[in-house]
Amino acid sequence: MTELTGQHLINGAWVDGGSAFQSDPVTGPTLTVLSGGKPEADAAMQAAEQAFATYGWTSRETRAAFLDAIADEIDARGAELTAHGSAETGLPAARLDGERGRTCGQLRLFATHIRDGAYLDRRHDKALPDRAPLPRPDLRMIQRPLGPVAVFGASNFPLAFSTAGGDTASALAAGCPVVYKGHPGHPATGEIVARAIAAAIAKTGMPAGTFGFIQSNTNEAGMALVQHPLTRAVGFTGSFRGGKALFDLAMARPEPIPFFGELGAINPVFVLPAASAARAGDIGTGWAGSLTMGVGQFCTNPGVVVILDKDADAFIDAAATALADVAPAPMLTEGTAQAYRANVAVITSASAVATQLAAPCDGRKGAPALFVVDGADWLANDDLAIEMFGPAGIVIRAQDTDQMQTIAQALHGQLTCTLQMDDADEAVGKSLMPVLERKAGRVLVNGFPTGVEVADAMVHGGPYPASTNFGATSVGTMAIRRFLRPVCYQNMPQALLPEDLRDL
């Protein structure tokens with residue numbers, strides 16, 4: 001078993017720094033953890049900049065081997081990662097095992113992706129010295145890494161969206177060193193993964209500062225990383241409030257930098273007429289299962305359903321029955337549980353909303369809640385469109401398909417939008433698609449959005465406020481584009497060109 005210290009990893013060494021705090025696991029002993037701040041952020045970013053002078057110019061094969069080595073080292077620590085992750089977050093062991101597989105799969109997918117080289121988008125316009133009226137120079141273009149990247153981990157995915165998660169994997173694949181701010185909700189899990197990355201650095205001979213890890217339970221380290229002059233981009237997964245504050249800091253810098261924030265969504269489900277008439281109850285049961293998966297703590301949780309009023313009762317009855325069978329369960333942190341109950345209270349107190357189900361719960365636990373509102377009242381009250389981040393959902397009773405269209409048009413940016421439809425719904429679905437594809441990064445049919453496939457075609461992002469950059473994804477191989485920029489080389493001698501641009 002790994003001996004945990006609660007320290008920071010800076011320039012290849014485990015170091016002290018900052019005051020101590022105690023972790024707050026669901027079960028098992030606590031861990032004394034050091035909370036780093038501005039000095040640790042500065043030291044880690046200085047080391048990352050120094051590492052970039054080498055790491056940014058490594059070959060694709062060298063970086064691919066490094067990513068594979070990280071995956072191997074994480075797999076080798078699988079049992080203790082599952083044990084600590086489950087104890088810290090309350091997530092079941094099977095979920096953590098699956099998440100570890102996804103984490104290692106992402107790393108190996110990016111290794112394969114950069115070995116292929118297509119992501120470089122290499123272009124060559126050969127010189128035309130005899131062109132009239134003016135000659136054309138030799139022009140070559142390639143995607144190059146930005147430089148050191150700051151990454152913030154997610155509370156709800158202690159592996160796949162955290163220390164060695166998608167942001168870290170894609171940045172390292174691009175050639176960018178990473179300084180990671182650990183999440184205080186799972187510091188032991190984070191340290192074990194950071195030690196796996198450190199082992200991979202030693203095994204493959206990468207520069208010591210290629211990866212830095214700062215434990216923290218305050219805002220100081222995060223703010224320092226975003227504002228540090230050497231930070232070239234930020235990857236963030238978390239709440240709207242926290243992400244928006246950091247985004248504003250990134251934009252207010254003397255030199256603004258890209259802030260790739262995934263801030264969550266309500267992920268509406270539209271149940272179209274033929275589907276609701278034929279299987280409203282079955283859809284309601286399926287939706288309840290998706291809504292309560294992981295105690296509702298997914299950024300793709302389908303928190304809102306839009307269904308025709310005439311079919312809504314069957315959906316609501318089935319959903320309420322299924323939700324009533326779901327017992328209160330521990331949430332990721334006590335703060336998460338408190339915020340969830342506060343959001344549920346906001347919806348409960350709204351005069352236009354009928355409470356169908358609101359099971360009592362306290363402490364660190366969250367319990368299902370179900371609300372119902374008429375379409376007109378939903379449209380009149382924008383405050384209802386909040387992400388409750390837990391096992392609670394709202395059913396909107398639409399008067400007709402025209403009102404469905406109006407509800408779709410009124411949506412803010414989303415990570416996902418879902419259509420539940422049968423063959424007879426194609427015309428209605430087709431009328432909604434021009435709206436929904438402008439509202440979300442992923443539009444799906446006859447499923448539920450919980451569960452994000454890691455693949456080349458996946459988009460996990462969306463228009464603001466779902467994310468801070470609508471043209472990016474934090475899942476899938478296209479995520480690497482966030483940490484690259486195009487550079488054009490004019491009349492450049494072969495010896496001065498990046499290796500991947502030579503002899504084109």
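This text gives an overview of the structure that appears in the document.

With that settled, the discussion passes to the overall build of the chain. Assigned secondary structure in the chain consists of 14 helices and 21 strands. Taking 23 Å as the expected radius of gyration for a compact globule of 504 residues, we find that the chain reaches 24 Å, a close match to that expectation. Once the C-alpha set of the chain is aligned to its principal axes, its extents read approximately 70 × 70 × 40 Å. Here the chain holds 504 residues, and 56% of them are scored as buried. Long-range pairs, those at least 24 residues apart, make up 77% of the contacts in the chain with a sequence separation of at least 6.

The sheet built from three strands is open, its strands ordered β5-β6-β21 with antiparallel pairing. The sheet terminates laterally at β5 (123-125) and β21 (484-490), the two strands that pair on one side only. On average, adjacent strands in this sheet sit at an angle of 25° to one another, irrespective of strand direction. Sheet topology places β5 next to strand β6 (residues 139-145); three bridges connect them, and they run antiparallel. In the strand pairing of β6, His124 is matched with Arg140.

Applying the stated criterion across every chain yields a total of 12 aromatic pairs. An aromatic cluster is present here, built from Phe152, Phe236, Phe247 and Phe259 joined pairwise through their rings. The side chain of Arg144 reaches across the aromatic face of Trp57, ending 4.9 Å from its centre. Sitting over the ring of Phe260, Arg482 keeps its end group 5.9 Å from the ring centre.

Turning our attention to the nonpolar core. The biggest cluster of nonpolar side chains holds 55 residues, and the ones touching the most others in it are Phe66, Ile70, Ile74 and Phe211. Only α2 (60-76), α4 (93-116), β7 (149-152), α5 (166-174), β8 (178-181), α6 (187-204), β9 (211-214) and β21 provide two or more residues apiece to this core. Sequence-distant contacts of Ile70, that is, excluding residues within four places in its chain, are made with Leu107, Ala164, Leu172, Ile197 and Ala200.

Looking along the chain, the bond that leaves Ala132 and enters Pro133 is cis, with omega of 5°. Relative to the elements of secondary structure, Pro133 occurs in the loop between β5 and β6. Geometrically, the link from Tyr464 to Pro465 is a cis peptide bond, its omega value of 10° lying close to zero. Here Pro465 lies in the loop between β20 (440-445) and β21.

Attention now goes to helix α11 (residues 334-349). End to end, α11 covers 23 Å across 16 residues, agreeing with the expected 22 Å (1.5 Å per residue, within 8%). Taken as a whole, α11 has its buried residues at Thr336, Ala337, Tyr340, Val344 and Ile347. Angularly, the buried residues of α11 cover 95° about the axis, an arc narrow enough to put them on a single face. Elements that come into contact with the buried residues of α11 comprise β16 (365-366), β17 (369-374) and β18 (392-398).

Whether parallel or antiparallel, the strands of a sheet pair through hydrogen bonds between backbone atoms. The mixed open sheet is built from seven strands, whose spatial order is β15-β17-β18-β13-β12-β19-β20. Each of the sheet's edge strands pairs with one partner strand only, and the pair in question is β15 (354-358) and β20. The average undirected angle you get between the axes of adjacent strands in this sheet is 20°. Two strands pair when backbone bridges link them, and strand β13 (residues 304-308) and β18 are joined in this way by five bridges, in the parallel orientation. Paired with Val306 across the two strands is Ile396, which belongs to β18. Along the sheet face, helix α10 (residues 309-324) touches β13, β15, β17 and β18 and points at about 145° away from the line of β13.

Below, the discussion takes up the pattern of salt bridges. Evaluated as defined, the whole model comprises 22 salt bridges. A salt bridge links Arg195 to Glu191; the shortest N-O distance between them is 2.9 Å. One end of the pair is Arg195 and the other is Glu191, both in helix α6 and four residues apart, which spans about a single turn. Take Arg195 and Glu191: they sit in the same class, and that class is buried. Arg397 serves as the salt-bridge partner of Asp313, at 2.9 Å between the closest nitrogen and oxygen. Of the two residues, Asp313 is situated in helix α10 and Arg397 in strand β18; the sequence distance between them amounts to 84 residues. A residue is classified by how much of its surface remains accessible, and Asp313, at 45% relative accessible area, is partly exposed. Here the salt bridges share partners, and the residues they tie into one network are Asp72, Asp75, Asp97, Arg100 and Arg108.

With that settled, the discussion passes to the environment of Leu120. Tracing the chain through its elements places Leu120 in the loop between α4 and β5. You can call Leu120 buried: its relative accessible area is 4%. It is 7.8 Å that separates the C-alpha atoms of Leu120 and Arg144, two residues lying 24 residues apart in sequence. When sequence neighbours within four positions are dropped, the list of residues in contact with Leu120 reads Arg60, Ile142, Gln143 and Asp500.

With that out of the way, let us pick up α5. α5 sits mainly inside the fold: nine of its nine residues count as buried. Those residues of α5 that sit buried are Gly166, Asp167, Thr168, Ala169, Ser170, Ala171, Leu172, Ala173 and Ala174. Positive backbone phi, at 105°, marks Gly175, one or two positions downstream of α5.

Here is what the cut-offs are and how they apply
- Residues numbered from 1 in each chain as written.
- Predicted model: local features only at pLDDT ≥ 70, side-chain atom pairs only at ≥ 80, totals over all residues.
- Heavy atoms only, no water.
- Helix = DSSP H or I, 4+ residues; strand = E, 2+ residues; numbered from the N terminus.
- Rg over C-alpha atoms; globule rule 2.2 N^0.38 Å.
- Buried < 20%, exposed > 50% of the residue type's maximum accessible area, 1.4 Å probe, protein only.
- Contact = heavy atoms within 4.5 Å.
- Pairing = 2+ DSSP bridges.
- Axes fitted to C-alpha atoms, helices over the stretch in contact; angles between N-to-C directions.
- Phe/Tyr/Trp six-rings, centres within 6.5 Å; stacked < 30°, edge-to-face > 60°.
- Lys NZ or Arg CZ within 6 Å of the ring centre and 35° of its normal.
- Core = buried A, V, L, I, M, F, W, Y, C linked by side-chain atoms within 4.5 Å.
- Expected span 1.5 Å × (residues − 1).
- Arc of directions from axis to C-beta.
- Salt bridge = Lys/Arg side-chain N within 4 Å of Asp/Glu carboxyl O.

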